[in-house]
Amino acid sequence: MIPTAGNVLLFAAMVATGVLAAAGWVAGHRRSPGAADLARQAAWIAAILLSGATLLMEIALLGRDFSVSYVAQVGSRATPVWVTIASLWSSLDGSLLFWVFILGLWTASLARATRRADPDLAGWSLATMAGVQFFFLWLVLAAGRPFVRMDVIPPDGPGPNPLLQNHVLMAIHPPTLYIGFVGMAAPFSMAVASLLSGRLEADWLRTLRNHSLVVWGFLTIGILLGGWWSYEVLGWGGYWAWDPVENASLLPWLTLTAFFHALLLTERRGQFPGWTLTLVLVSFLLTLLGTFMTRSGVFNSVHSFTQSPIGPVFLAFIALVLLGVAFLLSARLGALERTGAPFTPISREGTFLLHNLVFLVFCCTVLLGTLYPLLNQALTGDQVSVGEPYFEAMGRPLALALVLLMGLGPALPWGRTPPGSLGRRLALPAVAGLLPGLVVIVVSGGTWLPLTVGLAAFSVAVSVQELAAPVRARMRASRRGLADGIATLAGLPRRVGAHVAHVGVAVMAVAIAASSSLEVQDEVTLSPEESVSWQGYTLTYLGEDVAQEGFRVAQRAWFAVRRGERDLGRLAPAMHHYARASQPIGTPAVRSTLGEDLYLSLLRIDPESKAAALRVYREPGVAWLWIGGALVALGGFVAAWPRRRRREVTP
Amino acid sequence: MNWKVLLVALIVIVPLVWVLASAFGHDPHALPSTLEGRPAATFSLQDLDGREVSLASYEGRPVVLNFWSTWCVPCVREHAVLQAAARAEGPDGAVFLGVLYGDEPARARAWVARAGSAYPTVVDPTGSLIVDYGVGGVPETFFLDRRHVVAAKVTGPLDVETLARHLEAIR
Amino acid sequence: MILLLLLLLAGPGVLAAEAPVPPAGPPVTDAATVQARGRVLADALRCPVCQGLSAGDSQAEAAVAMRLRAEQFVREGYSDAQIQAWFVDRYGEWVLLEPPRRGRHWIVWLAPVVLLAAGAGLVILRLRAAATVPPSVEPDLPADLAADPFVQRVLADLERG
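Calculation notes
- Residues numbered from 1 in each chain as written.
- Chains lettered and ligands numbered in written order.
- Predicted model: local features only at pLDDT ≥ 70, side-chain atom pairs only at ≥ 80, totals over all residues.
- Helix = DSSP H or I, 4+ residues; strand = E, 2+ residues; numbered from the N terminus.
- Buried ≥ 20, exposed ≤ 12 C-beta atoms within 10 Å, placed from the backbone.
- Contact = placed C-beta atoms within 7 Å.
- Rg over C-alpha atoms; globule rule 2.2 N^0.38 Å.
- Axes fitted to C-alpha atoms, helices over the stretch in contact; angles between N-to-C directions.
- Parallel < 35°, antiparallel > 145°, perpendicular 65-115°, else oblique.
- Left-handed = near helix turned anticlockwise from the far one by under 90°.
- Nonpolar A, V, L, I, M, F, W, Y, C, P; charged D, E, K, R; others polar.
- pLDDT = per-residue confidence, 0-100.
- Pairing = 2+ DSSP bridges.
- Right-handed = clockwise from strand over helix to strand, strands pointing away.
- Expected span 1.5 Å × (residues − 1).
- Domains from an automatic or database assignment.

This part is about the overall build of chain C. The helix and strand inventory of chain C stands at seven helices and zero strands. Helices (α) and strands (β) of chain C occur, in sequence order from the N terminus, as α-α-α-α-α-α-α. Within the span of chain C, comprising 161 residues, buried residues form 37% of the whole. Put simply, of all contacts in chain C between residues at least 6 apart along the chain, 56% involve residues at least 24 apart.

What follows deals with the overall build of chain A. Of regular secondary structure, chain A possesses 20 helices and 10 strands. Computed over C-alpha atoms, the radius of gyration of chain A comes to 27 Å, within 12% of the 26 Å expected from 2.2 N^0.38 for 651 residues, which places it in the range of a compact globule. Each principal axis of the C-alpha distribution contributes one length, and for chain A these read about 80 × 70 × 60 Å. Buried positions account for 56% of the 651 residues belonging to chain A.

So, about the packing of helix H1 (residues 2-30) of chain A against helix H2 (residues 33-62) of chain A. All names here are of chain A. Axis separation between H1 and H2 bottoms out at 8 Å; the angle between their running directions is 160°. It follows that H1 is roughly antiparallel to H2 by the angle criterion. For H1 against H2, the interelement crossing comes out left-handed.

This part takes up the interface of chain B and chain A. Facing the 25 residues of chain B at the interface are 26 residues of chain A. Considering each element in turn, the side of chain B that touches chain A owes the most residues, 11 residues, to helix H1 (residues 3-22) of chain B. Classifying every residue of the side of chain B that touches chain A gives 20 nonpolar, four polar and one charged.

So, on to the packing of H2 of chain A against helix H5 (residues 92-113) of chain A. Residues and elements named next belong to chain A. Relative to each other, H2 and H5 sit at 150°, their axes nearing to 8 Å. It follows from the interaxial angle that H2 and H5 lie roughly antiparallel. Note that H2 runs across H5; the crossing there is left-handed. Contacts from Arg 40, Ala 43, Trp 44, Ala 46, Ala 47, Leu 50, Ser 51, Ala 53, Thr 54 and Met 57 of H2 reach H5 at Gly 94, Leu 97, Phe 98, Val 100, Phe 101, Gly 104, Leu 105, Thr 107, Ala 108 and Ala 111.

Moving on, we get to the interface of chain C and chain A. By a frequent convention, interface size equals the accessible area lost on bringing the separate parts together. Contacts between the two partners involve 42 residues from chain C and, on the opposite side, 52 residues from chain A. Mapped by element, the contributors of at least two residues to the side of chain C that touches chain A are helix H5 (106-132), helix H6 (143-146) and helix H7 (149-160) of chain C. No other element matches the 12 residues that H5 of chain C contributes to the side of chain C that touches chain A. Among the residues making up the side of chain C that touches chain A, the classes are represented as 25 nonpolar, eight polar and nine charged.

Moving on, we come to the confidence of the model for chain A. Averaged over chain A, the pLDDT score is 91; the fraction of residues at 70 or greater is 96%. In the model, residues 646-651 of chain A has pLDDT below 50 throughout and makes zero contacts with residues more than four positions away in sequence or in other chains.

All names here are of chain B. For strand S3 (residues 63-68), the buried fraction is high: six of the six residues fall into the buried class. Neither face of S3 is left uncovered, since the one carrying Val 63, Leu 65 and Phe 67 and the one carrying Val 64, Asn 66 and Trp 68 both have all their residues buried. The pairing of S3 with strand S4 (residues 95-100) spans six bridges and is classified as parallel. Across the sheet, residue Asn 66 finds its bridge partner in S4, namely Gly 98. Handedness of the crossover joining S3 and S4 through helix H2 (residues 73-88) is recorded here as right-handed. Inspection of the sheet shows S3 paired to strand S6 (residues 140-144) by five bridges, in the antiparallel sense. Paired with Phe 67 across the two strands is Glu 140, which belongs to S6.

Let us look at helix H19 (residues 493-518) of chain A. The terminal C-alpha atoms of H19 of chain A, which comprises 26 residues, lie 37 Å apart, in line with the 38 Å expected from a rise of 1.5 Å per residue. Counting buried residues in H19 of chain A gives 23 out of 26 residues, a clear majority hidden from the surface.

This part takes up the sheet that holds strand S8 (residues 589-592) of chain A. Residue and element names in this part refer to chain A. Strand order in this open sheet of four strands is S1-S10-S9-S8, and the pairing throughout is antiparallel. Each of the sheet's edge strands pairs with one partner strand only, and the pair in question is strand S1 (520-526) and S8. Ignoring which end each strand starts from, the neighbouring axes of this sheet average 20° apart. With nine bridges joining them, strand S9 (residues 596-605) and strand S10 (residues 612-620) adopt antiparallel strand pairing. Paired with Arg 604 across the bridge in S10 is Ala 613.

Looking now at the environment of Val 34 of chain C. Relative to the helices and strands, Val 34 of chain C resides in helix H2 (residues 31-43). When the C-alpha positions of Val 34 of chain C and Gly 121 of chain C are compared, they lie 48 Å apart, and in sequence the two are 87 residues distant.

Residue and element names in this part refer to chain A. We note that the domain assignment places domain 1 (1-165), domain 2 (187-415), domain 3 (425-471) and domain 4 (520-624) within chain A. Taken together, the 14 residues of domain 1 in the interface contact 17 residues of domain 2. Elements represented by at least two residues in the side of domain 1 that touches domain 2 include exactly H5 and helix H6 (119-144). Class assignment of the residues belonging to the side of domain 1 that touches domain 2 gives a composition of 10 nonpolar, three polar and one charged.

All names here are of chain A. In this model, Arg 479 sits at a positive phi of 50°, which is unusual for a non-glycine residue. Turning to its location among the elements, Arg 479 is positioned in the loop between helix H17 (448-478) and helix H18 (481-488). Positive phi, close to 65°, is recorded for Lys 610, a residue that is not glycine. By secondary structure assignment, the location of Lys 610 is in the loop between S9 and S10.

Moving on: the environment of Arg 114 of chain B. Within the element layout of this structure, Arg 114 of chain B appears in helix H3 (residues 105-115). Separated by 56 residues in sequence, Arg 114 of chain B and Tyr 58 of chain B place their C-alpha atoms 27 Å apart.

In this section: the sheet that holds S4 of chain B. All names here are of chain B. Taken together, the five strands give an open sheet; going across it, the order is S5-S4-S3-S6-S7, and neighbouring strands pair in mixed fashion. Here the strands that pair on one side only, and so sit at the sheet edges, are strand S5 (121-123) and strand S7 (150-155). Averaged over all adjacent pairs, the angle separating strand axes in this sheet is 20°, with direction ignored. Looking at chain direction, S6 and S7 are connected through five bridges and run antiparallel. Each residue of the ladder has a partner; that of Thr 141, found in S7, is Val 154. Along the sheet, helix H5 (residues 160-170) makes contact with S6 and S7, crossing S7 at roughly 170°.

Among the structural elements, Gly 134 of chain B can be located in the loop between helix H4 (128-132) and S6. For the pair Gly 134 of chain B and Ser 33 of chain B, spaced 101 residues apart in sequence, the C-alpha to C-alpha distance is 7.3 Å.

Let's shift gears to H5 of chain A. Between the first and last C-alpha of H5 of chain A there are 31 Å, a value that for 22 residues agrees with the 32 Å anticipated at 1.5 Å per step. Counting buried residues along H5 of chain A, 18 of its 22 residues qualify, which places the element largely inside the surrounding structure.

Below, the discussion takes up the confidence of the model for chain C. Parts of the model with low pLDDT should not have their predicted coordinates read in detail. All names here are of chain C. Confidence in the prediction for chain C averages 77 pLDDT; 68% of positions are at 70 or higher. Confidence scores differ between elements of chain C, with helix H1 (residues 2-10) showing the lowest mean pLDDT of 42 and helix H4 (residues 80-91) the highest of 92. Overall, residues 1-19 carries pLDDT values under 50, and its contacts beyond four positions in sequence, including any with other chains, amount to 19 contacts.

Laid out in structure tokens, this is it:
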């Protein structure tokens, strides 16, 4: 029953997407409002059908219906409910279904957002979105084929990859990242519509910006959760390994961040509209590239699916979109030419240009480093690796330049900086940056950490100054005190969002610098009852136990942790044995505080002596990475928050 | 039409797609070995039953050196292939040796007692052989000729044909 | 660096498995030095089984073995360059986590710098172009803030002095 129904729903969704594409095209070409309405309806119907298909797959997974091929491939009677639900995206075929489901939802969201837009903009953007959706649906039906009926129904399945069953984050990280990755198609479609119609109205740009902000927020959270998963599960004490797939998720984030700043130039000053739209197009292309990296099996990564036949097809699609974008840009960029407001080098525009350049160079460097092993192999057949040392050496100066520009930009006015005002604008932030920087030089020494702390403090001070300005202005005008002043900020979501995100980035920069330069690690082996003093902690090995946790067996080593006289509780790093897994999977135990994390990773427990060998890490400031990241994403969502419409009806 | 933009775009696009396309057919996990054609590292280690096994004592005979572990599913799968080939060798034929990789000797002993083995498996407590042979994961099999020069390295489970082909080459 | 090149040029055979070239220095006995240097060396080597992690970070068997071997060589008095060259000889160039700065690998190191320089040139051109039109003095506040009636009143007050 379910296989047939699933295929029918997917096929119907494909038809609806076809209608959507055709109606969108007509609406765009003939500026027909009727066709635009039809397109919107088709978008909604497709979204409902895709939701139905996805729901059906979840029902099959939860009902352990092994007559469905995908369930037979990844399902298992032993897995708990959350693993079963997450199984949908644990393997290639299911993840494609999930992908197209989210795409359907984004198309519907675009349909909603364009209901007041002119038919040509609505039509072109929906038609573009339909094209992308059609391709992914075709992939699901032709290559993924999750709903094949099994001729022989197996009694049980193998369950998903054990690495994916090891932490609840696996149920949250991929969907969040997918929402961001897939969602990039919406801003892309809007940018294509802008290019095709040659229109850049403020309303349209606002819709484009808000969609992009939500996409960017999810992308931020998704990347962050990926790092958190890596930290909590993989047990090497780190959160970012510059793995190809990690890089792939960073690339569109970088270009999209550059886009928001370029968009400010376009919206406020009428500058560089072509460049702004190009950044959106490139961001989407980079999400496609990232998808290819994860799904083609060409890259060596923890996150990638195994070798699959969809690689070449996907590459052909990417090539097609790339060429389409290239022709679109070369044919239509001229239609967007505007004369913008003039500006001098020392102005907000000037710093934004520099900042866009640094973002672009950062993005190209990461892309080059990621692809270089492939390039080298194609040219010479030799293998070469590009890993953490390279990316850190290249990335650090660029990232610091960005933190500096992040403070400098908002501190300078649009257009030009009146002579003499530079000191007044930068004096306080400069002091705020210098002091902590000097303190860090004295306390810990080094180059990168004090530099990062100083620049981050500088940019935070600018943000505070920028948020305080309207509050003070309001207080002076209304004379109603601080609460009233702060209330003005509610009317400035973009300013507040931007600065919340800036503060978040500064916090993350410091956390990254601190955790990478102050990390301490060691290997220790303890017999039962034995204690060790390490970095101010006292670890006492209490012994091991084995717990049957339903779908897995956990072999845990228990440690009592003390710091001086204070009892900090127990930590139990473990080895998890999965029934069908080849090798036990080590799972670290982390005691996280705002200052530092104590991170225990179990290496092995000797079967005879029961001695436990483990790696211990002291990781300063890691908690602030998650806090800063949350602020960054929050900033994005705040900036996208719909503003109260000002006096829509004139009295 | 802005030809400059198109040209710049094509200069980026064409190499990018070419590089990505060229990667198909390469397994990113397969890493080349630099050891082929070079003398194999000698060793003298205890086997699972505590007997001394040294590579030098098999002078003049070809050697098949198989890194394996009990938790490695493909190793278990290739076990039968290796056993059959080892049993077919005469007293002066190729020598088969196992090397235990990242596993407890006790577990391996129990496993061998159950599944049987026609040749000894040595225990490498310090992981020294892993580095000497540049081993990544398991299973990996090295074929040494009569002079104990590495003739070939096979990553992943062996099938009957691959094993026979490499055996023929080192005789 | 030169030593590394020489070692590589010497090619296979010279560095047999258990008999590398003579150590560059006397044996190192200080345990902390051995550990610290071993760690730095292992951090620059790629773990062959794991994906993207260094031999220093990974806990895979092969990574642990590489770490131990690096420490052993440090103890025996080999220089960092000798040890790195030994690993390159044993595994191939891919064992280095960053491409060596020579030959065509310079592409990876120089391309970003070239891009940055070219981009900076473009930015300067744009800045010149944008500044040739005499800049009009704009209110020192973003549009949405400038539209705020309270802010407008404040600005008006300020202008009246």
